[in-house]
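Architecture at a glance
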Amino acid sequence: MKAIAVFPGSREVKLIDHPEPAIEAPTQVKLRILEVGVCGTDREICRFEYGTPPPGSDYLVLGHESLGEVVEVGSGVGSLNPGDLVVTMVRRPCDHPDCFACRAGRPDFCYTGDFKERGINKLHGFMTEFVVDEVQYMNPVPAALRDTAVLTEPLTIAEKAVSEVWQIQKRLPWGLPVEAGGATLDYKHRAVVLGAGPVGLLGAMTLLTAGFETYVYSRGSKTQSDFVASIGGIYVESETCSIPQLGDKVGNIDLVYEATGASKFAFDTLAVLGTNGVFIFTGVPGRKGPIELDTDLIMRDLVLKNQVVYGSVNAGKSAYGAAIEDLAKFKQRWPDAAGKLITGRYEMEGFSDLLLGQPTGMKNVITIAK
């Protein structure tokens, strides 16, 4: 069967003939891969910045954002049937018996760093015609979401991050009835999303659905600004609005959701995080030189304003479920919005421009089967 693979040793990316997998255990499921999303991680692997083939293989099949159709199930699988649509999780637990996170089924919090990830680290990915995996890593998708379900995996980034925000902010009296002058006060949550790529825009949709007044702060782009306006967000161009001006425009910023990987831009924006605010890092910057930071200001604000800064990577099964639920909410609230994020669908043979060329559009997808 066909697959798109990277060969780190020879520094090549090729369309290859890859062995078709077969079910080998009662708890496994065989999928026909329908679509695979292309993201910055795939392009970085194709630049040989990272990416590790499985043991014994000189290549790594790419792709971690997938949508598949069940074609066969093992004898012990009762939750899926041929024809069902599923999104498969990316990360697999490490083998260390004392890694509490992995043994608890949460490899997204792995302590050892020896986890595996499909299409990224030591496991072949989804840019191929068929895949076999364990049913526990598969998440059913309603047929009504066929056109947008490939966005599930990037959306899990926001779902995990926002879930953690609510856990952290239980420290505050947001959820308590508060009265002043005879009137009940309703706290207005304000969020700023840094970056208008797919992860940022999906994050904005998630935050709007969660009730935040949501601003997207990024370089000027009519396509992205029109999209943000169409879902009820507020687009702020970084070229014409400085970071201090952003703080004045928004007011008390309760949440900053970083989705750029640009460390200086992110840390500069940390200076306008509001009182009791939370700053979430989701981007992974490339290896560059050090940057200058006003550490006194950062430390002072963290302490005096009760702020929290944390990083969030990968996602557990609950985040996949939340992402699928939110995609359904997006379709109901904004019938065409999520679909507009996918600006191009391409055949496998067109992989070169997508993976090795300059990125175009908002989100591109490789169609494996129809």
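Here the structure is shown first, and the text comes after it.
A few points on the structure. (Residues numbered from 1 in each chain as written. Predicted model: local features only at pLDDT ≥ 70, side-chain atom pairs only at ≥ 80, totals over all residues. Heavy atoms only, no water.)

Here's the deal with the overall build of the protein
In terms of regular secondary structure, the protein is built from 11 helices and 21 strands. Computed over C-alpha atoms, the radius of gyration of the protein comes to 21 Å, within 12% of the 21 Å expected from 2.2 N^0.38 for 370 residues, which places it in the range of a compact globule. Considered along the principal axes of its C-alpha atoms, the protein spans approximately 70 × 45 × 45 Å. The buried share of the protein, taken over its 370 residues, is 50%. Of all intrachain contacts in the protein linking residues separated by at least 6 positions in sequence, the fraction that spans at least 24 positions is 69%. Working note: accessible area of the protein is about 17,100 Å², and carbon and sulfur atoms make up 52% of it. For the protein, the distance from the average position of its 36 positive side-chain charges to the average position of its 45 negative side-chain charges is 1 Å. (Helix = DSSP H or I, 4+ residues; strand = E, 2+ residues; numbered from the N terminus. Rg over C-alpha atoms; globule rule 2.2 N^0.38 Å. Buried < 20%, exposed > 50% of the residue type's maximum accessible area, 1.4 Å probe, protein only. Contact = heavy atoms within 4.5 Å. Areas by Shrake-Rupley, 256 points an atom, 1.4 Å probe, with all protein chains shown as cover. Lys, Arg positive; Asp, Glu negative; His and termini not counted. Charge placed at Lys NZ, Arg CZ, Asp CG, Glu CD.)

Re the sheet that holds strand β17 (residues 253-258)
Strand order in this open sheet of 6 strands is β16-β15-β14-β17-β18-β19, and the pairing throughout is parallel. Looking at the sheet topology across the chains shown, the edges are occupied by β16 (234-237) and β19 (308-311). On average, adjacent strands in this sheet sit at an angle of 20° to one another, irrespective of strand direction. Pairing between strand β14 (residues 190-194) and β17: 4 bridges, direction parallel. Considered in β17, the bridge of A191 is made with L255. Together, β17, β18 (273-281) and β19 form the strand contacts of helix α3 (residues 152-168), whose direction differs from that of β19 by roughly 150°. (Pairing = 2+ DSSP bridges. Axes fitted to C-alpha atoms, helices over the stretch in contact; angles between N-to-C directions.)

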